Amino acid sequence: MRPNEIPDQHYTLTWSGGRGEVKFLPRSDGSRLRYLTAGTGPPLVLLHTVRTQLDYFQRVVPALWDEFTVYALDLPGMGWSDIVRGARYGEPELRGAIVEFIRILDLRDVTLAGESMGAAIALLASIELKDRVSNVIAFNPYDYPSGLERGNWFARLIGTGVRLAGSGPVFARMENRMILRGVLRGGVADRRALPGDLLDELRRSGRRPGYPRVNRAIMRSLTGFIDAKSRYAQVKTPVALVYSEHDWSRPAEREQVAHQLGVEAITLPGAGHFSALERSTEMVRIIRHGTGRIAGS
């Protein structure tokens, strides 16, 4: 498969039951972002974690498409979005892609909801999109050092190796299904929450020529989200901040983010970093509540 060949969309269409449509949004630089749109109602944009893609929300999207027009997208270079030679994948570039996505589609009254890196992007993009974004729901924002490596010893080994200046490219090319499963298991409290077919799909997109370079570039640029956290105080959009009980972040880091945003964090008991997989029902409830779709807390 060539780097940006449009793939068979069977996996996404399987869990979505054929509802909605998979599209590719042309960007100003000529690249494309893959996204799934489904449902009716106010726009809800879902932003995925490090090393996943829009299919990460397969347990969330079907529960919300009767109340929202859902847009779940693959971040630049990830999933089946285009890989661009020489492109940068730092915080400014990823945030800029989301800002461009919302402006090109002319979305308004948007709820931005993200997990991990996607949560940090949602918070930062809302600063530029304050005239278009009405709510931000941030689950387990990834804005602290060595997050992935805190999951387990295996993730620490692989994550540290990928970031190395000399041998990092070798570690990035080593990924196979066993390695990916070992790393991602560090983000769940219950290993059964990690779908085997999702792992297969992530490996399928991860075998594209050029993807190991993208993966390494993202891993090495995550420190940019630590620096960007200082801008959280500029977020003026209403925010729901959510942390899983067993998230990689530490209590002091969570308190700092809550203080900067001027909110009180919600805690999901018993879950790890990937709450969309372990606590999808709770994620759906919090999104509904955060947007005023249901009463209660």
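Up top is the structure these notes are about.
Remember, predicted model here, so these are calculated numbers, not experimental data.

Chemist: I'm lost on the pattern of salt bridges in this one. Help?
Modeler: A side chain with one charge can pair with a side chain of the opposite charge if their charged atoms come near. What the rule picks out here adds up to 21 salt bridges. For E175, the salt bridge identified is with R51, shortest N-O distance 2.8 Å. Placement of the pair is E175 in the loop between helix 6 (168-173) and helix 7 (177-184) and R51 in the loop between strand 3 (43-47) and helix 2 (61-64), with a sequence separation of 124 residues. Taking relative accessible area as the criterion, E175 reaches 16% and is therefore assigned buried. On the basis of relative accessibility, which here comes to 7%, the residue R51 falls in the buried class.

Chemist: Is there a simple way to explain helix 7 in this structure?
Modeler: The periodicity of an α-helix, 3.6 residues per turn, causes residues three or four places apart in sequence to face the same way. Buried within helix 7 we find I179, L180, G182, V183 and L184. In the core, the buried residues of helix 7 are packed alongside helix 5 (153-163) and helix 8 (196-206).

Chemist: What am I meant to see in the pairing of strand 7 (residues 239-244) here?
Modeler: Regular strands place their side chains on alternate faces of the sheet. The element strand 7 is extensively covered by neighbouring structure, given that six of its six residues are classed as buried. Residue alternation in strand 7 divides its side chains into two sets, V239, L241 and Y243 and A240, V242 and S244, and both sets are buried. In this sheet, strand 7 lies alongside strand 6 (residues 133-139) in parallel orientation, the contact comprising four bridges. When the bridges of strand 7 are listed, A138 appears paired with L241. Alignment of strand 7 against strand 8 (residues 266-268), held across three bridges, turns out to be parallel. Residue pairing in the sheet places V242 in a bridge with I266 of strand 8.

Chemist: Can you help me understand the side chain of D74 in this one?
Modeler: Counting through the fold element by element, D74 comes out in the loop between strand 4 (69-73) and helix 3 (91-104). At a separation of 2.6 Å, a polar atom in the side chain of D74 contacts the side chain of R34. At 2.7 Å, the side chain of D74 forms a polar contact with the backbone nitrogen of L54. Leave out the neighbours within four places in its chain, and D74 touches L33, R34, H48, Q53, L54, G79, W80 and S81.

Chemist: Hey, could you run me through the sheet that holds strand 7 in this one?
Modeler: Backbone-to-backbone hydrogen bonds join strands into a sheet, with any given pair of strands oriented parallel or antiparallel. A sheet is described by the order of its strands in space; here eight strands give the open sequence 1-2-4-3-5-6-7-8, paired in mixed fashion. In this open sheet, the two strands that pair with only one neighbour each are strand 1 (21-26) and strand 8. Strand-to-strand, the axes of this sheet are offset by a mean angle of 25 degrees, without reference to chain direction. Helix 4 (residues 117-128) contacts strand 3, strand 5 (110-115), strand 6 and strand 7 of the sheet and is inclined by roughly 145 degrees relative to strand 5.

Chemist: How should I be thinking about the packing of aromatic side chains in this particular structure?
Modeler: Where two aromatic rings form a pair, the distance of their centres and the angle of their planes describe that pair. Summed over all chains, the structure comprises nine aromatic pairs. Their ring planes at 35 degrees and their centres at 6.3 Å tell us that Y35 and Y71 sit as a pair that is tilted. Of this pair, Y35 sits in strand 2 (residues 32-39) while Y71 sits in strand 4; the two residues are 36 residues apart in sequence, bridging distant segments of the chain. Classification of Y71 as buried rests on a relative accessible area of 13%. Seen in terms of ring centroids, Y71 and F101 are 6.2 Å apart; in terms of plane orientation they differ by 80 degrees. Their pairing is edge-to-face.

Cut-off values and rules
- Residues numbered from 1 in each chain as written.
- Predicted model: local features only at pLDDT ≥ 70, side-chain atom pairs only at ≥ 80, totals over all residues.
- Heavy atoms only, no water.
- Salt bridge = Lys/Arg side-chain N within 4 Å of Asp/Glu carboxyl O.
- Helix = DSSP H or I, 4+ residues; strand = E, 2+ residues; numbered from the N terminus.
- Buried < 20%, exposed > 50% of the residue type's maximum accessible area, 1.4 Å probe, protein only.
- Contact = heavy atoms within 4.5 Å.
- Pairing = 2+ DSSP bridges.
- Polar contact = N/O pair within 3.5 Å; in protein donor to acceptor, adjacent residues only side chain to side chain.
- Axes fitted to C-alpha atoms, helices over the stretch in contact; angles between N-to-C directions.
- Phe/Tyr/Trp six-rings, centres within 6.5 Å; stacked < 30°, edge-to-face > 60°.

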